[in-house]
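# Fold and geometry: a report
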Amino acid sequence: MTLFKTLGFVLGAQMRDLWQAKNTLSIIGRILVLAIALLYAVGFGFMLLFADRFRVSKETMLAAINSAIAALMFVKNYFPAYQATSQPIAGFLPMSRPQRALLGVLVDCCSVFPLAVLLFYGIMVAVAFSVLSTAQILASVGFFLTALLLDRSLRLALEYRVRMRLLYLAAVLVLSAILFGHHFFGWTKYVPFAAIILPLLLLSGAVQIALAVMAASPQIERVSSASTRSIGDGSAPQSLFSLIFKAFFGSKHVYTLFGVAVLLKIFLLLYFWKNITRIEDDNVDRIFLRHILWIYIAPIAWFTYVLNNSFGMNWHLWQTYHHHRGRAALGLYFLYTALPLVFDGIVSLAVLLVIHQIHVHIIVKWLACAGVLVGWGLFVAVRMPIKVEKLTSSVWFSFRSVSSSWGMIGVIALCVIISVVSAWSMWLPLALLIPSGFCIIYVVRNYSTLKYRLYEIIHQT
Amino acid sequence: MLTLSSLHKRYGSKTVLHAIECRVEAGQCFWLVGRNGAGKTTLINILADLIAPDSGSLSFGGLSYDKDELAIKRNLGVLPDKNPAIPQLTGREYLQFIGLLHELPPDECSRRAQSLLEYFFDETEDAHKRIGTYSHGMTKKIGLCAALLHRPQYLILDEPFAGLDPVSAAKLVRFLQSYLSPERCIFLSSHDLGYAQKIMTHIGILEGGVLQFVGSAEEFASTKDTLEESILQILQPKESNIQELNWLLQ
C-alpha cells in the first residue's frame, strides 16, 4: 500500500512540477508541444488508414512509426543531456529493496513522457482502428514498452557497477538491435509481429528487474559522475591543453554522450541507407536524400551537447578558465567546437563512403551546418548555459527539460532554412556562415558584459 | 545497542575502513572525528545502509540489515552528507513525503512537521518554497526535520553543523542535548569541535581507516589539556614547514 501511495505522491508531484510554469511563454510552449503531438497522432492515424496510397504496406508504416517513437525516447534520454534513472527513495528510508527497485521502475515508466506516448498511440489507433488488428495494436504498445525497459536497462548498466555488467550491456544492445531491426531484416515475413515482440518484452522485463534490484542494493556502487581513473601524479609538467582535455573528458556525462552520439549517428545512417537502396530510382527518394538524409549527416547531435550542454557539464572548468584567462575562454570554446566537429566529419565521411553516398551537396550542407552551429552554439553557450547541477537535480523528474529551448529551436530552424535555400542553389547554404560570423563578432565584442550576465544566469537557475 | 564489529571496506585497492569495532549504548552520543578522507562518510553510509561493508557485522539492538531491514529503518533517522531532499518539492511537501514512507497518519505528520519547521526555521513561510531555491543551510535544516519526523531511536548525522548559521547551530545543539534519552542514541560525524563537544558522551577518532581511539568523553579528556590538542596528538599531523611557502609569504 505504501508503495502505491508513494508512487501516487511522486506522480502527482511530477504533474504539478510539469505545469508549474515560469511564465506565460512556457505555458504557450507546452500547449504548442501538445498540439503538435496531437497533430502527429492524427496524421499518422490517417497515414495508416490510407497506407496503400503511399505505396507502403501497413506493417512497414507501423514499424516505422514504432521505431521513430522508440528512437525519440532514446534520444530524449541522452540528448541534449543524459538523464539518469529515477531512484526516488533513499536507501535509509523504510522501504524494502525490491519495493524501492520497483518504485524506481514505475516512476520512470509512468512518468509524463511514456504516458504521453501511450495517449499518442491511443489517438492514432482510434483514427486507424478499422485497418489495424488487435494483435498489431497490442504489439505496437509492446514495442514501445520494450524500448522503454531497454532504455532504462542501458542507463542502469551505465550508472551502476552491477555484477556481470558487460554481459547485461551486451544483452541490452542485442535485444535493442532485434527490436529495431526485426522488421527491416524481413523477419516479419516468417514470424508474426506479436510473436517477436512478446518474447522481447519478457526478456527486457527480466533484464530490467535484475538490474533494478541490483541497483537498489547497497552492495552495488554507483559509478561516480567524475572519472576515477588516475591521470598521473601531477608532478610532470603538462601543457594547458592536455590538462583541459583531461578535465573535459574526465566527465562521465561527456564521454557517455560521445559514445552514444557516435552509435546513434552510425545507426541512423545505416537505417536510412537500407531504405534508400531499396527504391533507388524513385523521384521521391532522391528528394528525400537531398533534403532529409543530410540532417542525419549534419553535426546536430554534437551541437546539442558539445556546443550547448558540455559547458554546463564542465561548468567549473569553464568558469575557472574564464576567471583566469578572461576573453581567452573564447579560444577554449572554439577548441571544443573544433574537436568534435572534426571527429564528426571523420565518422560521417566514413559512413558515407561505406554506403556510397558521397555527394557534394551533402558535404556543402554539412559544412554550412557546422559553420552556423559554431556561431549559434557560441551565442547559446554564453547566453543560455545549462549547468551540471541542474542536470543532477532533474534526475527525480525525468521530464524536466534541461536544454535551452531557444538553442533547440535554433537548430530546427537551421535545418529547415538549409533545406529550403538549397533548393535554389547547392552552394547557397554557405551564405549562412555570414550570420554565424555576426554571432561570433557579437559575442567577442560584448564579452565583458555577457560574462557577467552568464554568471547571473548560472547562479539564478 | 548499536554495535559495529570487524567492519572492513575497500574501494578498489584502497582500504577505507579496517577492523572497525565500537559499541554505542542507549543514552550515548558518539562523536566520530578524523581528517578529510579518513573514512567517516563511508562509515556513516554503511550505518545508513547506503553502501554495504565488505565484511564484518552491524547490529541495531540485535537486529541486522540482512534480516530486519525495515524494522531498523523505521527507527532510524539519517542526515547524510549528500542530503537527498527533492528540489522540486516544497519543504512541507517533502516532510509529507517522508511521513508517507514512515506511514504516519496525515494529521500527526502535519502536526509534527509544523512544530519541527517552527523550531528549525526562522521564517515558516520558507516551508512553502521549493527546496531547489533553498540555501545550503536551509537544505540542511529540512534534512534534519525529515530525519526527526518519525521520532527515531537511532539518529545518524553526517556534518549536521556544516552550513548552519550560529543561531541555528546553537538551536541544534540544544535540541540534540534534549533528544538524548535512555532509549535513544546519536551517531555524529562533525569537524565542528566546539558544537560536537557540547553533545558528545563518547568519541571515536578515525585515522587511515582505523579507529585509533574509542572511549568516553571523560576518558578522552583525561589524556590531554584541551580537546583539540588531544585529537592532534592522536592524529599526529605531518610536520609542515611553513618556510616552504616563503615564495608566497614574502
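Structure first, text after, so check above.
Rules behind the numbers
- Residues numbered from 1 in each chain as written.
- Chains lettered and ligands numbered in written order.
- Predicted model: local features only at pLDDT ≥ 70, side-chain atom pairs only at ≥ 80, totals over all residues.
- Heavy atoms only, no water.
- Helix = DSSP H or I, 4+ residues; strand = E, 2+ residues; numbered from the N terminus.
- Buried < 20%, exposed > 50% of the residue type's maximum accessible area, 1.4 Å probe, protein only.
- Contact = heavy atoms within 4.5 Å.
- Areas by Shrake-Rupley, 256 points an atom, 1.4 Å probe, with all protein chains shown as cover.
- Buried area = accessible area lost by both parts, 1.4 Å probe.
- Salt bridge = Lys/Arg side-chain N within 4 Å of Asp/Glu carboxyl O.
- Polar contact = N/O pair within 3.5 Å; in protein donor to acceptor, adjacent residues only side chain to side chain.
- Nonpolar A, V, L, I, M, F, W, Y, C, P; charged D, E, K, R; others polar.
- Core = buried A, V, L, I, M, F, W, Y, C linked by side-chain atoms within 4.5 Å.
- Pairing = 2+ DSSP bridges.
- Axes fitted to C-alpha atoms, helices over the stretch in contact; angles between N-to-C directions.
- Phe/Tyr/Trp six-rings, centres within 6.5 Å; stacked < 30°, edge-to-face > 60°.
- Lys NZ or Arg CZ within 6 Å of the ring centre and 35° of its normal.
- Expected span 1.5 Å × (residues − 1).

### Thoughts on the overall build of chain A
- Looking only at helices and strands, chain A features 19 helices and 0 strands.
- Residues classed as buried in chain A amount to 49% of the 461 residues present.
- The contacts of chain A with a sequence gap of at least 6 include a subset with a gap of at least 24, amounting to 80%.
- Counting only carbon and sulfur atoms, one obtains 72% of the accessible surface of chain A, whose full area is about 21900 Å².

### A short note on the interface of chain B and chain A
- The interface of chain B with chain A comprises 29 residues on the first partner and 28 residues on the second.
- Taken together, the two surfaces of chain B and chain A that pack against each other cover about 2500 Å², and 63% of this comes from carbon and sulfur.
- Between the two partners, chain B and chain A, sit 4 salt bridges.
- Glutamate 69 of chain B is the partner of arginine 100 of chain A in a salt bridge, and the nearest nitrogen-oxygen pair spans 3.3 Å.
- Inspection of the region where chain B meets chain A yields 5 residue pairs in polar contact (both at pLDDT 80 or more).
- Residues of the side of chain B that touches chain A, tallied by class, amount to 18 nonpolar, 3 polar and 8 charged.

### A few points about the nonpolar core
- Counting 96 residues, the largest nonpolar core has Tyr94, Phe97 and Phe187 of chain B as its most contacted members.
- If you tally residues by element for this core, the top one is helix α5 (residues 136–148) of chain B, at 7 residues.
- Grouped together as the second largest cluster of nonpolar side chains are 49 residues, Ala41, Leu48, Ala51 and Ala212 of chain A included.

### What about the sheet that holds strand β5 (residues 76–79) of chain B?
All names here are of chain B.
- Sheet architecture is open: 6 strands sit in the order β5-β6-β7-β3-β8-β9, paired in mixed fashion. Across the chains shown, the open sheet's two edge strands, defined by having one partner strand only, are β5 and β9 (210–216). If you compare each strand with its neighbour and ignore which way they point, the axes differ by 15 degrees on average.
- Here 4 bridges tie strand β3 (residues 29–34) to strand β7 (residues 185–189), and the two strands are oriented parallel to one another. Each residue of the ladder has a partner; that of phenylalanine 30, found in β7, is phenylalanine 187.
- Here α5 sits on the sheet and contacts β5 and β6 (154–158); the angle it forms with β5, its principal contact strand, is near 170 degrees.

### Notes on the packing of aromatic side chains
- Evaluated as defined, the whole model comprises 17 aromatic pairs over all chains.
- Considering the side-chain rings of phenylalanine 120 of chain B and phenylalanine 175 of chain B, the 5.7 Å spacing of their centres and the 70 degrees angle between planes classify their relative orientation as edge-to-face. Of this pair, phenylalanine 120 of chain B sits in helix α4 (residues 106–120) while phenylalanine 175 of chain B sits in helix α6 (residues 166–179), placing them 55 residues apart in sequence.
- Classification of phenylalanine 120 of chain B as buried rests on a relative accessible area of 3%.
- Here phenylalanine 175 of chain B falls in the buried class, since its relative accessible area comes to 18%.
- Taken together, the ring pairs in this structure connect Tyr40, Phe44, Phe120, Tyr121 and Phe144 of chain A into an aromatic cluster.
- Lying over the aromatic face of phenylalanine 121 of chain B, lysine 141 of chain B brings its terminal NZ or CZ to 5.6 Å of the ring centre.

### Points about helix α6 (residues 134–159) of chain A
- Taking 1.5 Å of rise per residue, 26 residues should cover 38 Å, and α6 of chain A covers 37 Å from first to last C-alpha, within 8% of that figure.
- The element α6 of chain A is largely enclosed, with a buried count of 20 among its 26 residues.

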